[in-house]
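# Topology and contacts: notes
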Amino acid sequence: MNQIPLLFLPYAGGSAQVYKKWVKALHPSILPIPIEMAGRGSRMGEPLCEEVSLAVKDLLYATRKYTSGPYAIFGHSMGSLLAYELMRSMRDEGLRLPTAAFLSGRDAPHRIDSNRETYLLPDESFIAEVKGLGGTSNELFQHRELLNLFMPIMRADFKLVGTYQHVPGEPLPIHMIVMNGINDTSLCGESIEWKAHTSHTCEIVHFEGGHFFIQEQEEKVVTLINEKMMEMMKDSLLAQRY
């Protein structure tokens, strides 16, 4: 069976590897590809990316080999922002763009982040902000050595997001599936604002839950991914036939 790659990008403080637990629930025709950024996971010894431009350059190198055929991208929170800028860079490079992009837990790129200076907070205040978003194991906060290991990663991620400046450009010709939790207090805009960034279609899907609804509603989220990816495969086959 031919599989379509689904590239998972990391979220702030998290690794793309966290999506590996979705593998069994994903349709067999979907090939999940966790994309690790420098400074985390198997690349822990490399310098962290603290700017979107550097992160995108890193991600472009890591994802280029998957752009020869149909594929999709999934990004949550910081991952949505990185997915958006990565797709813009792919277009600039003349690479094949994803057939669909799942953009989760993030305001549209032109929206100014309400937590831009979180990365500058003292440790205890910073930790409280991270805890407030949810999605991070309590075990991390209970073990100081483990926390000290991950603190630089989390601060780098929050700095990356907090210092981001959107530069207007042409909308992307990509089908976007925008997903948000109805109780996500980190959002300051409306999901529909993502429509300004695509010349294709943009679906808005709301789930029960907060910023990490992808964990709270994991089964429903994976079901949606399966449905949209199957539609994508069907359309791709029809396009090849005609």
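Chains are numbered independently. Their residues run from 1 in the order of the written sequence. The predicted origin of the model limits local features to residues at a pLDDT of at least 70 and limits the giving and counting of side-chain atom pairs to 80 or more, whereas totals for whole chains, interfaces and linings rest on all residues. The side-chain quantities take in all heavy atoms of the structure and omit both hydrogens and water.

## A word on the overall build of the protein
How we decide: Labels follow the DSSP assignment, with helices taken as runs of H or I lasting at least four residues and strands as runs of E lasting at least two, numbered in each case from the N terminus. As defined in this context, the radius of gyration uses C-alpha atoms, and a globule is described by 2.2 Å times the residue total to the power 0.38. The cut-offs for exposure are 20% and 50% of the maximum accessible area for each residue type, with area from a 1.4 Å probe on protein chains only; residues under the lower value are buried, those over the upper are exposed, and the others partly exposed.
What the protein contains, in helices and strands, is 7 helices and 6 strands. Ordering the α and β elements of the protein from the N terminus gives β-β-α-β-α-β-α-α-α-β-β-α-α. Taken over the C-alpha trace, the protein has a radius of gyration of 17 Å; the compact-globule value for 242 residues is 18 Å, and the two agree within 12%. Each of the three principal axes of the protein carries a C-alpha extent, and together these read 60 × 40 × 35 Å. Every one of the 242 residues in the protein was classed for burial, and the buried ones make up 51%.

## Looking at the packing of aromatic side chains
The criterion, for reference: Stacked, tilted and edge-to-face are the three classes applied to pairs of Phe, Tyr and Trp rings, where Trp contributes its six-membered ring and a pair requires centres within 6.5 Å; stacked means planes under 30 degrees apart, edge-to-face means over 60, and tilted covers the rest. Two conditions define a charge located above a ring, namely a distance within 6 Å from the ring centre to NZ of Lys or CZ of Arg, and an angle within 35 degrees of the ring normal.
Counted by the stated rule, this structure contains 12 aromatic pairs. Where Tyr19 meets Phe74, the ring centres are 5.4 Å apart and the plane angle is 70°; that geometry is what we call edge-to-face. Of this pair, Tyr19 sits in the loop between strand 1 (4-9) and strand 2 (30-34) while Phe74 sits in strand 3 (residues 72-76); the two residues are 55 residues apart in sequence, bridging distant segments of the chain. Overall, the relative accessible area of 2% leaves Tyr19 in the buried class. Grouped by ring-pair contacts, the aromatic residues Phe8, Tyr11, Tyr19, Trp22, Phe74, Phe102 and Phe212 constitute a single cluster. Over the aromatic face of Phe126 sits the side chain of Arg155, whose NZ or CZ is 4.4 Å from the ring centroid.

## Remarks on the side chain of Ser191
Selection criterion: Note on definitions: a residue-residue contact is assigned when non-hydrogen atoms from the two residues lie within 4.5 Å.
Following the sequence through the fold, Ser191 ends up in the loop between strand 5 (175-181) and strand 6 (202-207). Ser191 gets classed as buried once you look at its relative accessible area, which sits at 9%. Setting aside residues up to four positions removed in sequence, Ser191 forms contacts with Val178, Asn180, Ile204 and His206.

## What about the sheet that holds strand 1?
Basically, it comes down to this: Two strands form a pair only when DSSP identifies at least two bridges running between them. Note on method: axes are straight lines fitted to C-alpha atoms, helices fitted across the in-contact stretch only, with angles between N-to-C directions ranging 0 to 180 degrees.
Ordered in space as 2-1-3-4-5-6, the 6 strands form an open sheet in which the pairing is parallel. Unpaired on one side and paired on the other, strand 2 and strand 6 mark the two borders of the sheet. Averaged over all neighbouring strand pairs, the angle between strand axes comes to 20°, with direction disregarded. Both strand 1 and strand 2 contribute to a ladder of 5 bridges, which runs parallel. Bridged to Pro5 within strand 2 is Leu31. Of the strands in this sheet, strand 1, strand 3 and strand 4 (100-104) are in contact with helix 2 (residues 78-93), which crosses strand 3 at around 145°.

## Concerning the nonpolar core
Rules: In this description, a nonpolar core means a group of buried Ala, Val, Leu, Ile, Met, Phe, Trp, Tyr and Cys residues linked to one another through side-chain atoms lying within 4.5 Å.
Among the nonpolar cores identified, the biggest contains 36 residues, and Leu9, Ile73, Leu82, Leu86, Met90 and Trp194 are the most heavily contacted of them. Within the residue set of this core, elements represented by two or more residues are strand 1, helix 1 (52-63), helix 2, strand 4, helix 5 (144-162) and strand 5. Residues within four places of Trp194 in sequence aside, it is in contact with Ser80, Tyr84, Leu103, Arg106, Asp107, Ala108, Pro109, Met176, Val178 and Cys202. Tyr19, Val205, Met229 and Met233 belong to the second largest nonpolar core, which has 26 residues in total.

## Regarding the pattern of salt bridges
Spelled out, the test is: Each reported salt bridge corresponds to a side-chain nitrogen of Lys or Arg within 4 Å of a carboxyl oxygen of Asp or Glu.
For the structure on display, the rule yields 11 salt bridges. Of the charged contacts in the structure, one is a salt bridge between Lys228 and Glu231, with a shortest N-O distance of 4.0 Å. Taken together, the residues span about one helical turn, with Lys228 and Glu231 both in helix 7 (residues 218-241) at a distance of 3 residues. Overall, Lys228 belongs to the buried group, its relative accessible area being 16%. By sharing partners, the salt bridges in this structure join Arg43, Glu46 and Asp58 into a single network.

## Considerations on the packing of helix 2 against helix 5
Condition: Angles are sorted into four bins: roughly parallel if under 35 degrees, roughly antiparallel if over 145, roughly perpendicular if 65 to 115, and oblique for all others. Definitions for this section: a left-handed crossing has its near helix turned counterclockwise from the far helix by less than a right angle. A right-handed crossing has that turn clockwise. Classification used: nonpolar for Ala, Val, Leu, Ile, Met, Phe, Trp, Tyr, Cys and Pro, charged for Asp, Glu, Lys and Arg, polar for all others including Gly.
At a closest axis distance of 11 Å, the pairing of helix 2 and helix 5 adopts a crossing angle of 55°. The angle between the axes of helix 2 and helix 5 places the two elements in the oblique class. For helix 2 against helix 5, the interelement crossing comes out left-handed. Every residue of helix 5 that contacts helix 2 at Met78, Leu81 and Leu82 is listed here: Asp157, Leu160 and Val161. Class assignment for the residues of the contact of helix 2 with helix 5 results in 5 nonpolar, no polar and 1 charged.

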